[in-house]
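# Structure at a glance
Residues per chain, in single letters:
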Amino acid sequence: MLSARVRPALVAAAAVLLLAACDATPRQLPEPAPVRPQWQPVELALPAGATGRPVLRDAARCAGRSYVVGGLVDPAGETRPAAWSSSDGVTWAPIPVRAQTFYGRQHVLYAVACRDDGMAALGAKTGGVHGNPRTGTWVWRPGGPLREVPAAFELFGGPRAVSASRLAAGAGGWLVAGARADGAAVWSSPDAEGFVLHEGVAELAGDGRGRTAAYDVAAVGSGWLVVGSLLPPGGTARTPLAWVSADGRVWQRVVLPVPAGAAGAAERVVSADGGPVAVGPVGDRFAVWRGCDDCGSPSAGSAGVNQGWRRVGGFGLAGPGVSSVDALAASGGRLVAVTGDGGQRRLWMSRDGGASWLPVITPVPVPDGGDAALAVAVRDDRLLVVADDGKTSRAWWGALPTVDR
């Protein structure tokens, strides 16, 4: 048995340890108050003579006009491409669609980009013997229909196909980012009337350092910025990458900074005030990187892209293999992102270039998975949201808080 003198000493020691444990417990910082826009529904009328319900997949805004793209699905499950445009974000009209191929007539448009002379989109329909996506491009000029651009099957498909993820428009033309059998690849076009594939390109494609994949692209100056990841040989942990190019043919690779031992990917990128911004899951959060002039990475020369990258913030909760950044939009000093955590898609806003983020209450809950989708476009202090919960697609706009400058 313990002596009477030892017992008080043990009790005192236990009390000290308990107090130390309490002091070591991390303080839980209060959750930032969410932004609650006053959402106003947007009516997207069906094209004349069309039946079925809309499936909305992406949105964009430029040159004073907004676009929403997706498709229509009838009660039998058959799909057709569809798109809408608006000059004020409130009143929308369907854009006439002119498909030219068997699969084009069944496309759902899943990515859109625009500039002052028009809009282009990526569309796909699963089909063929192997059930692979039959991907193609579409182009629209003011006053005309949205036209399918016929192309050889192996331009986006074939045995080397992996993905055609996103597209962007800029002073240098149009660029699609994706992947082929040997890693990251791009497709370029001066006018979106026909694309040229660039695969197996040094630094862009995979090599002895590992396999690459490209997920998104932005126009920066007269050149291009692509983001993605590297999977090392025999590894399971990805490293986030960025590539810069002045012409879409010659590329320079940059490894984006992450904490020691952390893994992740850069999944979305935009050109924002102060330089490009990329976002992607890293470790247990979503990381934010900003291009900077003094980060020490090689210059992109005439591409007009900043010299390097600095990690500037993080937000939300991410998990390996289940989290994603599904959209990123910028207007002035504001950034808006859509993330998925394996259970639900969420909306976030930053007013300081990505250093801090606030959750934004969505008009409706949107699951992360299946046929659900959540996309955004930003115009000054107004946010356009298109959401598909797997059963119904709808669109809204809402006013956002002003940016403190």
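Residues numbered from 1 in each chain as written. Predicted model: local features only at pLDDT ≥ 70, side-chain atom pairs only at ≥ 80, totals over all residues. Heavy atoms only, no water.

### Considerations on the layout of surface pockets
Size it by volume and the largest pocket reaches roughly 1,000 Å³. As for the largest pocket, its lining consists of 32 residues, of which R57, Y110, R345, A372 and A373 are closest to the centre. At the level of secondary structure, the elements contributing two or more residues to the lining of the largest pocket comprise β2 (53-62), β7 (108-115), β8 (118-127), β11 (161-170), β23 (324-331) and β27 (373-379). Of the residues contributing to the lining of the largest pocket, the split by class is twelve nonpolar, eight polar and twelve charged. Along the wall of the second largest pocket there are 30 residues; nearest its centre are A60, R61, V270, L328 and A330. Those elements giving two or more residues to the lining of the second largest pocket turn out to be β2, β7, β11, β15 (211-220), β19 (268-272), β23 and β27. Element by element, the count of residues in the lining of the second largest pocket is highest for β23, at six residues. Of the residues assigned to the lining of the second largest pocket, the class counts are 22 nonpolar, two polar and six charged. (1 Å grid on protein atoms, 1.4 Å probe; cavity = no way out; pocket = protein on both sides within 12 Å on 5 of 7 lines; lining within 4 Å. Points joined across faces, edges and corners; volume = space filled by probe spheres on them. Helix = DSSP H or I, 4+ residues; strand = E, 2+ residues; numbered from the N terminus. Nonpolar A, V, L, I, M, F, W, Y, C, P; charged D, E, K, R; others polar.)

### Observations regarding the side chain of S66
Looking at the element boundaries, S66 is found in strand β3 (residues 65-73). Taking relative accessible area as the criterion, S66 reaches 5% and is therefore assigned buried. A distance of 2.9 Å separates a polar atom in the side chain of S66 from a polar atom in the side chain of R61. Discounting chain neighbours no more than four positions away, the residues touching S66 are A60, R61, W84, S85, S86 and W92. (Buried < 20%, exposed > 50% of the residue type's maximum accessible area, 1.4 Å probe, protein only. Polar contact = N/O pair within 3.5 Å; in protein donor to acceptor, adjacent residues only side chain to side chain. Contact = heavy atoms within 4.5 Å.)

### Here we look at the nonpolar core
By size, the foremost hydrophobic cluster in this structure holds 21 residues, and its most contacted members are W39, V336, L347, M349, V376, L383 and V385. For this core, the elements supplying multiple residues, two or more each, are β23, β24 (334-340), β25 (345-350), β26 (358-360), β27 and β28 (382-388). (Core = buried A, V, L, I, M, F, W, Y, C linked by side-chain atoms within 4.5 Å.)

### A word on the pairing of strand β18 (residues 252-255)
In this structure, strand β17 (residues 239-245) lies alongside β18, joined through four bridges in antiparallel fashion. Directly across from V244, in β18, lies its bridge partner Q252. Adjacent in sequence and paired antiparallel, β17 and β18 are bridged by six residues, among which G248 carries a positive phi angle near 80°. (Pairing = 2+ DSSP bridges.)

### Topic: empty space enclosed by the protein
Scanning the model with the defined rule gives three cavities of 30 Å³ or more in all. Of the volumes computed, that of the largest cavity is approximately 110 Å³. Looking at the largest cavity, the residues that line it are R61, S66, D88, G89, A377, V378, R379, R382, L383, L384 and W397. When residues of the lining of the largest cavity are traced back to their parent elements, those giving at least two are β27 and β28. Considered class by class, the residues forming the lining of the largest cavity number five nonpolar, two polar and four charged.

Honestly, it's all geometry; don't read function into it.
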